[in-house]
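Letter by letter, the chains look like this.
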Amino acid sequence: MPVTGEMLIGAATLRGTEGDIHAVNPATGETMAPAFGGGGAAEVERACALAEAAFGPYRETTPEQRAGFLEACAQAILDLGDALVERACAESGLPRGRIEGERGRTVGQLRLFAQEVRDGGWLDARIDPAQPQRQPLPRADLRLRQIPVGPVAVFGASNFPLAFSVGGGDTASALAAGCPVVVKAHSAHPGTSELVGRAIQSAVKACGLPEGVFSLLFGSGAKVGSALVADPRIQAVGFTGSFAGGTALLKVAQSRPQPIPVYAEMSSINPVFLLPGALAKRAAAIGQGFVGSLTLGAGQFCTNPGLVLGVEGAALDTFAQAATGALQGAAAQTMLTPGIHKAYVEGVARLASNNRVQSLAEGVAGPGPYQGRAALFSTTAEHFAADHSLLEEVFGAASLIIRCPDEATMLRLAQQIEGQLTATIQMEDEDLELARRLVPVLERKVGRILVNGYPTGVEVGHAMVHGGPWPATSDGRTTSVGTLAIRRFLRPVCYQDFPEALLPEALRPGNPMRLWRRTDGVLGRD
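Quick notes on the rules
Residues numbered from 1 in each chain as written. Predicted model: local features only at pLDDT ≥ 70, side-chain atom pairs only at ≥ 80, totals over all residues. Heavy atoms only, no water. UniProt positions renumbered as here; feature names shortened; annotations may be inferred. Axes fitted to C-alpha atoms, helices over the stretch in contact; angles between N-to-C directions. Helix = DSSP H or I, 4+ residues; strand = E, 2+ residues; numbered from the N terminus. Parallel < 35°, antiparallel > 145°, perpendicular 65-115°, else oblique. Left-handed = near helix turned anticlockwise from the far one by under 90°. Contact = heavy atoms within 4.5 Å. Nonpolar A, V, L, I, M, F, W, Y, C, P; charged D, E, K, R; others polar. Buried < 20%, exposed > 50% of the residue type's maximum accessible area, 1.4 Å probe, protein only. Phe/Tyr/Trp six-rings, centres within 6.5 Å; stacked < 30°, edge-to-face > 60°. Lys NZ or Arg CZ within 6 Å of the ring centre and 35° of its normal. Pairing = 2+ DSSP bridges. Arc of directions from axis to C-beta. 1 Å grid on protein atoms, 1.4 Å probe; cavity = no way out; pocket = protein on both sides within 12 Å on 5 of 7 lines; lining within 4 Å. Points joined across faces, edges and corners; volume = space filled by probe spheres on them.

Under the annotation held in an unreviewed UniProt entry, the protein chain carries the name 2,5-dioxovalerate dehydrogenase and is attributed to Pseudoroseomonas cervicalis ATCC 49957. One UniProt comment on the protein chain, placed under Sequence similarities (unreviewed entry), says "Belongs to the aldehyde dehydrogenase family."

Student: Can you help me understand the packing of helix α3 (residues 82–92) against helix α4 (residues 96–119) in this one?
Tutor: In a packed pair of helices, the relevant descriptors are the angle between the two axes and the axis-to-axis distance. For the pair α3 and α4, the least separation of the axes is 9 Å and the interaxial angle reads 120 degrees. What the angle tells us is that α3 and α4 run oblique. The handedness of the crossing between α3 and α4 comes out as right-handed. The segment α3 lies against α4, with Asp-82, Leu-84, Val-85, Glu-86, Ala-88, Cys-89 and Ser-92 engaging Arg-96, Ile-99, Glu-100 and Arg-103. When the residues that make up the contact of α3 with α4 are grouped by side-chain class, the tally is five nonpolar, one polar and five charged.

Student: Which parts of the structure should I look at to understand the environment of Pro-504?
Tutor: The topology assignment puts Pro-504 in the loop between β21 (490–496) and β22 (517–519). You can call Pro-504 buried: its relative accessible area is 11%. Distance from Pro-504 to Arg-143, taken between C-alpha atoms, is 9.7 Å for residues 361 residues apart in sequence. Leaving out residues up to four positions away in the same chain, Pro-504 has contacts with Arg-145 and Tyr-495.

Student: Hey, could you run me through the packing of aromatic side chains in this one?
Tutor: Between two aromatic rings, the relevant description is the distance of the centres plus the angle of the planes. Within the structure shown, the criterion is met by nine aromatic pairs. Between Phe-160 and Phe-301 the ring centres are 5.7 Å apart and the planes differ by 65 degrees, which places this aromatic pair in the edge-to-face class. Of this pair, Phe-160 sits in the loop between β7 (152–155) and α5 (169–177) while Phe-301 sits in the loop between α9 (276–295) and β13 (307–311), placing them 141 residues apart in sequence. On the basis of relative accessibility, which here comes to 8%, the residue Phe-160 falls in the buried class. Chaining the aromatic ring pairs together yields one cluster made of Phe-160, Phe-164 and Phe-301. Above the ring of Tyr-58, the side-chain terminus of Arg-66 is found at 5.7 Å from the ring centroid. Lying across the ring of Phe-160, Arg-98 places its NZ or CZ 4.7 Å from the centre.

Student: Please clarify how the sheet that holds strand β6 (residues 142–148) should be interpreted in this entry.
Tutor: Sheet strands line up and pair through hydrogen bonds in the backbone, either parallel or antiparallel. An order of β21-β6-β5-β22-β23 is seen for the five strands of this open sheet, with the pairing classed as mixed. The open sheet terminates on both sides in strands that have one partner only, identified here as β21 and β23 (522–524). Strand-to-strand, the axes of this sheet are offset by a mean angle of 25 degrees, without reference to chain direction.

Student: Before we go on, may I ask you to explain the environment of Gly-208 in this structure?
Tutor: Within the secondary structure, Gly-208 is located in the loop between α6 (190–206) and β9 (214–217). Along the chain, Gly-208 and Gly-476 lie 268 residues apart, while their C-alpha atoms are 37 Å from each other.

Student: Would you take a moment to explain unusual backbone geometry for this structure?
Tutor: Glycine aside, a negative phi is what most residues show, and trans is what most peptide bonds show. Going from Ala-33 to Pro-34, the amide bond is cis rather than trans, its omega being 0 degrees. Here Pro-34 lies in the loop between β3 (20–21) and β4 (36–37). At the junction of Trp-470 and Pro-471, the peptide bond is cis and its omega measures out at 5 degrees in the coordinates. Although it is not a glycine, Asp-124 adopts a positive phi angle of roughly 50 degrees. By the element assignment, Asp-124 lies in the loop between α4 and β5 (126–128). A positive phi angle, near 55 degrees, is found at Asn-452, a position not held by glycine. Tracing the sequence through the fold places Asn-452 in the loop between β20 (446–451) and β21. By relative accessible area, Asn-452 is classed as partly exposed at 38%.

Student: Would you explain helix α7 (residues 223–230) in this entry?
Tutor: Because each turn of an α-helix spans 3.6 residues, side chains separated by three or four positions in sequence point in the same direction. Buried within α7 we find Val-224, Gly-225, Leu-228 and Val-229. The buried side chains of α7 occupy one side of the element, clustering within an arc of 130 degrees when seen end-on. As for α7, its buried residues are in contact with α1 (41–59), β7, β8 (181–184), β9, β10 (236–240) and α8 (243–255).

Student: Help me understand the layout of surface pockets in this model?
Tutor: One simple way to see leftover space: roll a probe sized like a water molecule over the atoms. Counted as a void, the largest pocket has a volume near 1,100 Å³. In terms of lining residues, the largest pocket is bounded by 42 residues, among which His-186, Phe-239, Gly-241, Ser-242 and Gly-245 are the most central. Counting residues per element, the ones that place at least two in the lining of the largest pocket are α7, β10, α8 and α11 (338–352). The element best represented in the lining of the largest pocket is α11, accounting for seven residues. The computed volume of the second largest pocket comes to approximately 420 Å³. If you trace the second largest pocket, you find 19 residues lining it, with Glu-116, Gly-121, Trp-122, Asp-124 and Arg-487 closest to the centre. Every element with two or more residues in the lining of the second largest pocket is listed here: α4, β21 and β22. Among the elements that make up the lining of the second largest pocket, the one with the highest residue count is β21 (three residues).

The structure is reproduced here in structure tokens:
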């Protein structure tokens, strides 16, 4: 399938006229062909009008129809073959193995949402039967189900050109909920986006769905994205990216006559807590494993461990020495875009120039134009508490060790840290009492707590939470990974005293869809 540089508006393909967008190969610095025409107000208007027209019929598709569509999207992406892998590698600088793994995750989560749709639990069907004889007042017949909110705008992420992009988790969960999707492609990988978009477009046609179920827009800067979020037909937003980008979209969404939710994943430094027993037994091994997590993918993961806290002493010194040795041998890696590389270099320089921060190690320099060298720093708990800039994310393979004088200080700093996606506890049995005091603090700060692991790597499943309190995300009650993500694009409706013929099938007597339903508070399939 050739890459043409065209947008996909429903079933149509067209070239935008609002300036050209070129992908840059970050491994070589070369500009890639073709040029992609940016969209404008007319393309946003057309995509949103088609999405609104598609919403009525698409939301009424059966679970089997919708699941079949998600599976068709997955297969169409696989059918792109090497063309997709090669283009994604060239646009991102990521190795083939990483892209193939990410393609597997993308396809896997589409298929997982197909299973979720068939299961029907997301409908959350509830029935409180009428009690006409109840005293002092009778009870009406009350029935509840979840319905899709409407067309959703999705913004592709820079660091996952497949799994968090055009056919990624936000798109999969919105389509599973019954919401048409308009995607704003990330300008770093427009060719990859077009290929995946064409695969989804073909699945829409093959499944006989309204063309407005899916559209793909291109545009540099904030113009297209802001216009998309401001369009009154868009009812929710999925975003993965920078804090500045996420908060800008939040302002647009909240300034509308009808404000809408923006589910933005934005910033996280993912603290790692080294408890004394773990340091005493495994300091060197933890240090080496930590560097492996820190440098994975040039550190360009939103779950990258950018902060380490431990109690001062010989064991923490052993950890730092092991981490320093491992990091000094780490080769520089190509970063995703020139802009990300520039921001990383500036962030490392900011830490290095802070007179309260000690530079411990830097990785091996590389020959490429946009290669990032890993960096490790250290400071005291006192300085960390006094300098809020040390909480700022440096997106890449840089981390800061905080030397705490005692356990009480470590707990106090845990309370002061802002909302995060993850927190990690390295512990042994003798650390159990300290961990018991730490976990309740972390529960209020993060969406996922790990024990004796490393935060990079997010499993797509039913129990995963990839979210957290502000500023990690704009809504800490949600997740952008796993089947629970579908709930972002649903809302409850109650049906009171409806005649059976007018009830949605999911709520009819006899349970014709064989759903799990909560009847008078009791879960069953009766």
